[in-house]
Each structure stands twice: as structure tokens, then as C-alpha cells.
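Chain by chain, the residues run as shown.
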Amino acid sequence: MSAPSLPAAPPQTEVPWSLWKSQVSGLLRLEVKKYLLSKRALLLYFLAFLPIFPFLIWNLRAMLVGDLPDIAQASMFYAGMFQTLMLHLVIFFACVITFTNLFRGEVLEHSLHYYFLCPVRREVLVVGKYIAGQFASWIIFLICVVISFCLVYFPYGGQGLDYFTSGPAIGHLLAYMGVTVLAFLGYGAVFLFTGLLFRNPIIPAIVIWIWEGINAFLPAMLQKISVSHYLISLCPVPLSGGPIRVIADPAPAWLSVPGLLLVTLAVLFLASLKIRHMEISYGGE
Amino acid sequence: MSDSQDIIFRNVSKFYGEVLGVNRVDLNLAPGITGLVGPNGSGKTTLMNLMTGLLQPTRGEISILGLPPDRPELLFNRVGYCTQYDSFPRGMNGFQFIYSFLRIHGLVHPQAEDMTWKALEMVGLQDAAKRKVAAYSKGMRQRIKLGQAIAHQPDVLVLDEPLNGLDPMARAEIIDLFKRLSEKGKHVIVSSHILHELDVISDQVVMLSNGYIVAEGDIHGVREEMTDVPMQILVRCDKPAMLASRIFQEDHAVEAQMHSDGQGLLLRTRDADSFFLLMNRMVTQEGLRVESVAPADDDVHSVYLYLIGNQGGSSS
Ligand SMILES: Nc1ncnc2c1ncn2[C@@H]1O[C@H](COP(=O)(O)OP(=O)(O)O)[C@@H](O)[C@H]1O
Ligand SMILES: [Mg+2]
């Protein structure tokens, strides 16, 4: 209103790109370690062990009983485990834990103001913390994918090794790792946003979880409005009409990958808008 | 004289929903030490959070050295804020705490390391640098926060109750640090709920009450403004008659009314400072037992009274 009477700001030199990079790397330095070593990370490690467990049993059974199914069956077994246990449970809730708490955790611990008082755009804070969350998640869960994948073929000995060297296994593994990364990118952005939006982000997380879970049983149109639809379309071994999941018409990779990335960027953009107006109010001070 | 060296509030109000934080604040702060004084809940923290963009004003405009508070990437190259929140990122030692955030500022390692040691030295915590902040005493935590706020050598230093929890030695050192910074032409904005703590060092005082600025200017001006008009004080004590007779031996008392139960009096004085000095003398030297002292009118004076009456009552 009385704008004219305020002194004009000095020429607002835009922050150079190189400074953003060092600010983001400063954030990574601090944050990745924190996400890997905090108490909350214990839950992540527990989640990461979950998908390994059935394959340990699988190995134990092979050792004790001995009769192994055909190796193609084994890759179906892994595909089933990956799509249900890994995507639907483990990665989903790992994202809930890590990404809803990117900012909310700092509010709970009354430490957000230290970030807000740095000469860093709030948008850069969002991106920096998000990337840190991604790195930490990838480190834990890509190891988990690799271990569980190797465990499936371990009982096959030489035949299993051939499956890697001259068979499709390496391709499958890389695809699963790619899907894992995409899943973290997508769900991570979603839960970063819900963590900013809702006072109790567990409720939206459960709602989204149920939606993603029943999604496969919905009409083809509705299936398209979910993250898991695209992720599952990208899995290398389709589950052909099994009891677990029926994908109406899988989205092609040229659509799924850029689509997921676009949605991720859009949600991150919304989160940036939201955080620009975020105020520090810890309550009980 | 509003140039971009100043901190300017134009008709700024902040409401937390229905709750008033501050209302219709107009301020123009020049470099130097500014004391922001007011009782708890008067709006000091709100004002400081508005200054630093941690809160957004419901109405009005703020300019810090010509910069708007909602541009952190520009603002915090020049502003440092030591908040009242006694919380720290987990698991860090004193060095890491300051260093990590300097890295987020975008500084490279050698520079950040150098500035961290400088800051630690300024607040006298070099020896405790490698100990966990969580194991620090309240006074050390207060100082490491201060160190963190000045580490990037800001031109504007905002400090929310920075003397809280410091022992007299540390207090003197920190106040000395404020003086040195202000002599370099920087803004040092310090809040306190104890006027006495700040009046000697402040170049200007802003007095807050219930979200409004009630007085502003150099400390002599504020004192005069406050002492011009007589104010009412309610004292409950064991010898009100004696107190009354002593008051009238000095020339600032206007009126005194005894309570009917003989356990108190209502007085009007033009100089609450002198009254408190007198009363304190009677307590220490003549065994006067004071049960309570309270302002009898709830206007500007009562705030002042509260502030000066609190002289010994700094929390630890
Ligand atoms: N986050 C908040 N939500 C609601 N009311 C608040 C909040 N923060 C402060 N207030 C209210 O605003 C007023 C000013 O508070 P504050 O600025 O903290 O005062 P001070 O720092 O002088 O103690 C008080 O009435 C306080 O209750
Ligand atoms: Mg306060």
C-alpha cells in the first residue's frame, strides 16, 4: 500500500547457478548422513530387510528339500514379490517415513528455522532435501533389491550364474533397480508434499496406500490415475493374470518414465509453492 | 532519513488466527544497538520473526537494508538471527553445528572452517568445539547459537533474549561483543523482558506491550516519557504507614492511600525508578516485608513498571 515510501531495493543480483550447486551439496553433506543414521532410519533398515526374508526362506527350502522349480518360475516368484511386497509395502512406506519427515521432522524437532535462516531459496531447500532423501533411500533399497534378486538365483548354482552371464537376469535386475529409483522419485515427491500439507500425514498416506492397493481391480480408466500402474508396467517380468494383480493395459515405457518424472516435477513444484509461505510456529514455546 | 541502511516497518500487523501478535507497527531502526523490551507475550519474538521472514505479515511492509524478508537468498547474506528456540539439529558438536550451516550457505570447506573457528572464538567456545551440543550447559547453548548467528559476519544481527541463562561473566562478555559489533556500524537488535539489562548499552529502545509499540527512542527519552505522568502502584507489605511516610520525604510521590486492613497502600508517583530504589533499600536495610507489588493501571506505565521492577529477576 505504502510501497512508494519504502526505499528501493538495491539491484537484486540473481544467485548464480554455481552457488546453488554448492548450497545443494552443503545440504546433501548434512542430510544424507542424517537420514541414514537417525533413529527413523532403523525403521528403514527393518523395511529393507523384509523383502530379503522370503528369499532367505527360499534358499533354506532349496537346501533342505532340494526340489527347485524351473528357473523361469523363480523369476516369476521374484516378480510377484517385487510388485507386491517391495513396491506396495516396502518402498511405499519407506517413502512415507523419509519424505513426509523431510520438513515435518524438522518442525517436530524445532530445527527448521536453521534452514530457513540460510541464504538459500526455499525452493532450493526443497530440492536439496529431496535429493538427499533420494540418495539415502537409493543406498539402502538398491542394496536390498540386489541382495534379494541374487538370493532368488543362488540355489541354482551354475545354472543361475549362466542366467546372469548369458541369460536375461542382468537386464531384469537393472530394470528392477530402475523401477525402484522411479518409485522413490514419484512417491518421494508425493509424500514430501503431503508432509507439508497435512498436520497428520499418516492419514493421507493410508488413503493413498489403499488407492494404490485396490487400483489393479478398478476399471482400466481409473488404473491410470496411480503411480503403481506405471511402475508395474515397467517391471521386466509381467505377472500374467495371476491372482495378485491384473493390469488392464500396461503403459508403454516411453509413456511411463517421462510421465512419472513429469508428475514428480509437478508435485515438487507445488511443494515449493507451499514452502514459500511456510511459517515457523513450533507451538509450546 | 529512511535509506537502505535502515530496518523499516510500515504499518505492520501480524495475527495468529484471532490472536494478535503485533499491531500497527511503524519502526525505523538505524544502525547501532536497539533494545526491544516488553513483558512475555508482548510481541518481541513475533517482531523478530517478521523481520527475518520466518513469519509473514498479515498487513504492512518490511524492509531490511532495502531487502524484503521473503527473499532469504539475498537477506541472509546480510542478516543473522539468534532465535529464542533452545533446540539444535541432532547429534552435532559445536563445530559441526556452525560449520554445516555455513556449507549450506554455499561456502567451500577452507573458508567455512576458518569462519567457524572465528565464530567459536568470538563466543569463547573453542575448547568446547568438539563436544556435543546436547551436552552443553544452557549458557553454552545460548553462546553457540549466537556464534552460529554471527558466523557469516552479518550486518544485521537479530537476537531474541540472548542474555537468558548466561552467568554475569558471560553476560558482560556478550554485551561487550554487541558493543564491538555496533561500533563497526552494524545493527544489533536485542530483545529482553528486563529493561535494566539493555538500557545502558542500547542506542535506542523500543518498548512493546500487548503487541503495540508503547514507547520508542533513546533510553533517556523513554524514561522521561514514562516518568512525566504519575503512575499508580499497588504495594502489599507489613508496614505501609512507614513506607508512605518515607515516600513523602522524597519529592516524586503524589499521593498515597492506605488499605483499610493496614497491609498495603496504593500510591501515585512521578518516578517509579526512585520509588523502587527506596523500597529496595527499606527491604534490605529496615526489614520491610513486601508481599506483592503490582501496577494499578494497565496502561503503558504498568509495562514500564513491570520492566523496571524486574531488575533482579532475570531468569537463570
Ligand atoms: N504460533 C503462535 N500461535 C498463536 N499465538 C501466538 C503464536 N506465537 C505467538 N503468539 C501470541 O502472540 C503474542 C506475542 O507473542 P511473542 O511474540 O512470542 O511475545 P514475546 O516474544 O514478547 O514473549 C502472544 O500473545 C502469544 O501468545
Ligand atoms: Mg519471545
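Nothing here was measured: the structure is a model prediction, and the numbers come from that model. (Residues numbered from 1 in each chain as written. Chains lettered and ligands numbered in written order. Predicted model: local features only at pLDDT ≥ 70, side-chain atom pairs only at ≥ 80, totals over all residues. Heavy atoms only, no water.)

### Comments concerning the overall build of chain B
Here's step 1: When its secondary structure is counted, chain B shows 11 helices and 13 strands.
Here's step 2: A burial count over chain B gives 56% of its 316 residues as buried.
Here's step 3: Sequence-distant contacts in chain B: of pairs separated by 6 or more residues, those separated by 24 or more amount to 67%.
Here's step 4: Of the accessible surface of chain B, which amounts to about 13100 Å², a share of 48% is contributed by carbon and sulfur atoms. (Helix = DSSP H or I, 4+ residues; strand = E, 2+ residues; numbered from the N terminus. Buried < 20%, exposed > 50% of the residue type's maximum accessible area, 1.4 Å probe, protein only. Contact = heavy atoms within 4.5 Å. Areas by Shrake-Rupley, 256 points an atom, 1.4 Å probe, with all protein chains shown as cover.)

### A closer look at the sheet that holds strand S4 (residues 59-64) of chain B
Residue and element names in this part refer to chain B.
Here's step 1: Read from one edge of the open sheet, 3 strands run S2-S1-S4, paired in antiparallel fashion. If you trace the sheet from one side to the other, it starts and ends with strand S2 (19-29) and S4, each paired once. Ignoring which end each strand starts from, the neighbouring axes of this sheet average 20° apart.
Here's step 2: Taken together, the 5 bridges between strand S1 (residues 7-16) and S4 define a ladder with antiparallel strand orientation. Looking at S4, one finds that Ile7 is bridged to Ile64.
Here's step 3: Sitting on the sheet, helix H1 (residues 44-51) touches S1, S2 and S4, and the angle it makes with S1 is about 120°. (Pairing = 2+ DSSP bridges. Axes fitted to C-alpha atoms, helices over the stretch in contact; angles between N-to-C directions.)

### So, the packing of helix H3 (residues 94-105) of chain B against helix H4 (residues 109-122) of chain B
Residues and elements named next belong to chain B.
Here's step 1: One way to put it is that H3 packs onto H4 with a least axis distance of 9 Å and a crossing angle of 135°. Classified by the angle their axes make, H3 and H4 are oblique. Judged by the sense of rotation from one axis to the other, the crossing of H3 with H4 is right-handed. Of the residues in H4, those in contact with Phe95, Ile98, Tyr99, Leu102 and Arg103 of H3 are His109, Ala112, Glu113, Met115, Thr116, Trp117, Ala119 and Leu120.
Here's step 2: Across the contact of H3 with H4, the residue classes break down as 9 nonpolar, 2 polar and 2 charged. (Parallel < 35°, antiparallel > 145°, perpendicular 65-115°, else oblique. Left-handed = near helix turned anticlockwise from the far one by under 90°. Nonpolar A, V, L, I, M, F, W, Y, C, P; charged D, E, K, R; others polar.)

### Comments concerning the coordination of the magnesium ion (ligand 2)
Residues and elements named next belong to chain B.
Here's step 1: Note on the magnesium ion (ligand 2): its protein donors are Thr45 (OG1) and Gln84 (OE1). The metal-donor distances range over 2.0 to 2.4 Å. Placement of the pair is Thr45 in helix H1 and Gln84 in the loop between strand S5 (79-82) and H3, with a sequence separation of 39 residues.
Here's step 2: Owing to a relative accessible area of 18%, Thr45 belongs among the buried residues under this scheme.
Here's step 3: The class for Gln84 is partly exposed, based on a relative accessible area of 29%. (Donors = N, O, S within 2.8 Å, 3.2 Å for Na, K, Ca; no water.)

### So, the domain arrangement of chain B
Here's step 1: Entries for chain B in the domain assignment read domain 1 (7-223) and domain 2 (225-301).
Here's step 2: For domain 1 of chain B versus domain 2 of chain B, the distance between C-alpha centres works out to 36 Å. (Domains from an automatic or database assignment.)

### What to know about the pairing of S1 of chain B
Here's step 1: For S1 of chain B, the buried fraction is high: 7 of the 10 residues fall into the buried class.
Here's step 2: Joining the antiparallel neighbours S1 of chain B and S2 of chain B is a turn of 2 residues, in which Gly17 of chain B adopts a positive phi near 60°.

### Details of the site of ligand 1
Here's step 1: Every one of the 13 residues lining ligand 1 counts as a neighbour, but Ser281 of chain A together with Gly41, Lys44, Thr45 and Thr46 of chain B are closest to it.
Here's step 2: One of the backbone nitrogen or oxygen atoms of Ser42 of chain B is found 3.2 Å away from an oxygen atom of ligand 1.
Here's step 3: Interatomic distance of 2.9 Å between a side-chain N/O atom of Lys44 of chain B and an oxygen atom of ligand 1.
Here's step 4: When contributions to the shell around ligand 1 are tallied by element, the ones reaching two or more residues are S2 and H1 of chain B.
Here's step 5: By residue class, the composition of the shell around ligand 1 is 4 nonpolar, 8 polar and 1 charged. (Near = heavy atom within 4 Å. Polar contact = N/O pair within 3.5 Å; in protein donor to acceptor, adjacent residues only side chain to side chain.)

### Digging into the nonpolar core
Here's step 1: Counting residues in each nonpolar core, the largest one holds 165 residues, and the members touching the most others are Phe141 of chain A together with Phe9 and Phe178 of chain B.
Here's step 2: Contacts of Phe178 of chain B, omitting those with residues within four sequence positions, involve Ile33, Leu146, Leu159, Pro162, Leu163, Val188, Val190 and Ile201 of chain B.
Here's step 3: The next biggest cluster of nonpolar side chains, apart from the first, holds 17 residues, and it includes Ala253, Met279, Met282 and Leu288 of chain B. (Core = buried A, V, L, I, M, F, W, Y, C linked by side-chain atoms within 4.5 Å.)

### A word on H1 of chain B
Structurally, the α-helix is built with 3.6 residues per turn, so residues lying three or four positions apart point the same way.
Here's step 1: Of all 8 residues that make up H1 of chain B, 8 are buried, and the element is covered over most of its length.
Here's step 2: Within the sequence span of H1 of chain B, burial applies to Lys44, Thr45, Thr46, Leu47, Met48, Asn49, Leu50 and Met51 of chain B.

### Looking at the pairing of strand S8 (residues 204-209) of chain B
Residues and elements named next belong to chain B.
Here's step 1: S8 sits mainly inside the fold: 6 of its 6 residues count as buried.
Here's step 2: Neither face of S8 is left uncovered, since the one carrying Gln204, Val206 and Leu208 and the one carrying Val205, Met207 and Ser209 both have all their residues buried.
Here's step 3: Relative to strand S9 (residues 212-217), S8 is paired through 5 bridges, and the arrangement is antiparallel. Counterpart to Met207 in the pairing with S9 is Ala215.

### Let's talk about the sheet that holds S8 of chain B
Residue and element names in this part refer to chain B.
Here's step 1: Within the open sheet, the 6 strands sit side by side as S5-S6-S7-S3-S8-S9. Their pairing is mixed. Of all the strands in the sheet, just S5 and S9 have a single pairing partner and so form its edges. If you compare each strand with its neighbour and ignore which way they point, the axes differ by 15° on average.
Here's step 2: Of the strand pairs in this sheet, S5 and strand S6 (residues 156-159) are connected by 4 bridges, and their pairing is parallel. Note on S6: the bridge partner recorded for Gly80 is Leu157.
Here's step 3: Relative to the sheet, H1 contacts strand S3 (32-37), S5, S6, strand S7 (187-192) and S8, its axis offset from that of S7 by approximately 150°.
Here's step 4: Here helix H5 (residues 138-150) sits on the sheet in contact with S5 and S6, set at roughly 170° to S5.

### Observations regarding the confidence of the model for chain B
In low-pLDDT regions, the fine details of the predicted coordinates are not to be read closely.
All names here are of chain B.
Here's step 1: Residue-level pLDDT values for chain B average 87, and 90% of them are 70 or greater.
Here's step 2: Taken as a whole, residues 310-316 scores under 50 in pLDDT and shows 10 contacts with residues more than four places along the chain or in a different chain.
Here's step 3: The complex prediction reports pTM at 0.84, with the ipTM value standing at 0.86. (pLDDT = per-residue confidence, 0-100.)

### A closer look at the environment of Thr116 of chain B
Residue and element names in this part refer to chain B.
Here's step 1: Along the chain, Thr116 falls in helix H4.
Here's step 2: Overall, Thr116 belongs to the buried group, its relative accessible area being 0%.
Here's step 3: Sequence-wise, Thr116 and Ala129 are 13 residues apart; in three dimensions their C-alpha atoms are separated by 9.6 Å.

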